[in-house]
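# Coordinate analysis (summary)
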Amino acid sequence: MQDLWDRALGEVEVEVSKAVFLTLFKQTSLLSVEEDIATVSAPSMMVIDLLQRRFYQIIKKALDKQTGIDTRIVFIPKTPITKTRMENAGPLFNQQEAGKIVIGHLPRVRPDFTFENMAVSSSNQLAFVSCSSVAKKIGSFYNPLFIHGPVGVGKTHLMQAIANDVYSKNPNKKILYITSEEFTNEVVEAIRNNATSMMKKKFRNLDILLIDDVQFLAGKEKVQEELFHTFNILVDNSAQVVLSSDRHVSELKGVEKRLVSRFSGGLTVDIESPDFELRTAILLIKARKLGIVLPIDGAKTIAQDIKDTRALEGALLRIITQAEALGEDLTVELIKKAVENKSERPRPFGPDEIIKNVCSFYNIRPSQIKSAKRDAFLVRPRQVAMYLLKKDLGLTYSQIGDFFGGRDHTTVMHGVSKIEGLVSKNKMANDLLGISRLSKTSPVDY
């Protein structure tokens, strides 16, 4: 196992910076490869979170190359969080639960995304109760369950909590969590390789199918057709289907009416953006998972400054790392200083502003860059915009493709790769610098 892992890490090392490799990968190890499940240990849940969210595909690619199989990777911590590390956590948490950590063996499902680890308030209570009911009796309540809400409110957490809860009680259940982008890729690859029968067998024999971000299925006719038939077979067999979207089912554009009708046939629940109290609770829970005692006043300071739920975890990790680097305790004073420094930095802008600035620099219109036209004068600006959306905002290739009128993810990958090659040869510095100067809110110093 160690020789295999060393060879895989050799592949990873050329894909990431030296600092990232030494910090995140050096202390990892490969414990086992059983069938297609590879179990990797890492020093902490913090490292596991970063590996899963940012480097999963790089690790998988390297491991697949060494094993010759399509691996599914499960990360587990070397040293589980213990109750003694949390003994001063305060009354918010049950002390018997403080050190509890669920180790899952479900591909792409985070073991820490459980019902116990989720903060609940009026904004997400209905969704929480609905998901809990589904986990207790799959296929019987609310089938399908359709969860919708803006980015970063906990839709993925709830879906994966269902998977973890069912798996912990019955590991023999066939459970699959997948994003709409991955589902699309599975269908496309099956058609390309004349392996549709295997693909159908994979999806239609499940006990639970959870598909994230179904809004990105818009315009993909073959994929929607496969999902329609898969959906019908699963529901007829009393299997559970759970779906999530950033909008209500009635607002799904580009999705066939018959599929929208199926999505509407169960329970539809929404999750609102969290209020200040819920954001504070989320920070305390995330700190608990990391084995860190976060002062409640410190959590309030962070929650007051940051409204986006997904950004909360990033801010917490940054502040913890800063405290460790300075060799200081995680005090309220340190947190306030870190938050004040962060608030002075330019705020990152969104997709529309990136498109606007790219078009302004190249003297073209946004409607042109998003159009289906392939004129030579549009190719470079379009590729640059795709590169910035990927690099600065972390959008998936499928999300970027949808943003550009439903382009295939492989087209986006080519565009991003093209600009990355030019950047590595220092042939894009003037363009990127010029684009960044168009907005004072640029997130990157080119």
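Residues numbered from 1 in each chain as written. Predicted model: local features only at pLDDT ≥ 70, side-chain atom pairs only at ≥ 80, totals over all residues. Heavy atoms only, no water.

Next up on the list: the environment of S360. Structurally, S360 can be placed in helix α16 (residues 351-362). Taking the C-alpha atoms as reference points, S360 and I435, separated by 75 residues in sequence, lie 8.1 Å from one another. (Helix = DSSP H or I, 4+ residues; strand = E, 2+ residues; numbered from the N terminus.)

Turning our attention to the sheet that holds strand β6 (residues 208-212). Overall, parallel pairing links the five strands, which are arranged β5-β6-β7-β4-β8 in an open sheet. Two strands bound the open sheet, and with one partner strand each, they are β5 (175-179) and β8 (267-270). With strand direction ignored, the average angle separating the axes of adjacent strands in the sheet is 15°. Docked against the sheet, helix α6 (residues 125-136) engages β4 (145-148), β7 (240-245) and β8, running at close to 140° with respect to β8. Against the sheet, helix α7 (residues 155-169) contacts β4, β5, β6 and β7, and its axis sits at roughly 165° relative to β6. (Pairing = 2+ DSSP bridges. Axes fitted to C-alpha atoms, helices over the stretch in contact; angles between N-to-C directions. Contact = heavy atoms within 4.5 Å.)

Time to look at the pairing of β5. Judged by how many residues are buried, β5 sits mostly within the fold: five of five residues are covered. Burial along β5 is two-sided: I175, Y177 and T179 and L176 and I178, pointing in opposite directions, are all buried. (Buried < 20%, exposed > 50% of the residue type's maximum accessible area, 1.4 Å probe, protein only.)

The subject of this paragraph is the pairing of strand β3 (residues 72-77). Side chains on a regular strand alternate between the two faces of the sheet. The buried fraction of β3 amounts to five of the six residues, a majority that puts the element mostly inside the structure. Bridge count for strand β2 (residues 37-42) against β3 is six bridges, and the pairing is parallel. Bridge pairing in β3 links A38 to I73.

Within the protein chain, residue pLDDT values average 80, and 88% of them lie at 70 or more. Confidence scores differ between elements of the protein chain, with helix α5 (residues 95-98) showing the lowest mean pLDDT of 35 and β7 the highest of 95. Across residues 80-104 the pLDDT falls below 50, and counting only partners more than four positions away or on other chains, this stretch makes 41 contacts in the model. Here residues 343-348 scores under 50 on pLDDT; set against residues more than four positions off or in separate chains, the count is seven contacts. (pLDDT = per-residue confidence, 0-100.)

On the secondary structure map, S133 appears in helix α6. With a relative accessible area of 19%, S133 lands in the buried category. Setting aside residues up to four positions removed in sequence, S133 forms contacts with F141 and Y142.

Attention now goes to the sheet that holds strand β1 (residues 29-34). Spatial ordering of the open sheet is given by β1-β2-β3, a layout of three strands whose pairing is mixed. What marks the edges here is a single partner per strand, and that holds for β1 and β3. In this sheet, adjacent strand axes meet at a mean angle of 25° when their direction is disregarded. Across the sheet, helix α1 (residues 2-13) touches β1 and β2, and the angle it forms with β1 is around 110°. In the packing of helix α4 (residues 56-67) onto the sheet, contacts are made with β1, β2 and β3, and the angle to β3 comes to roughly 115°.

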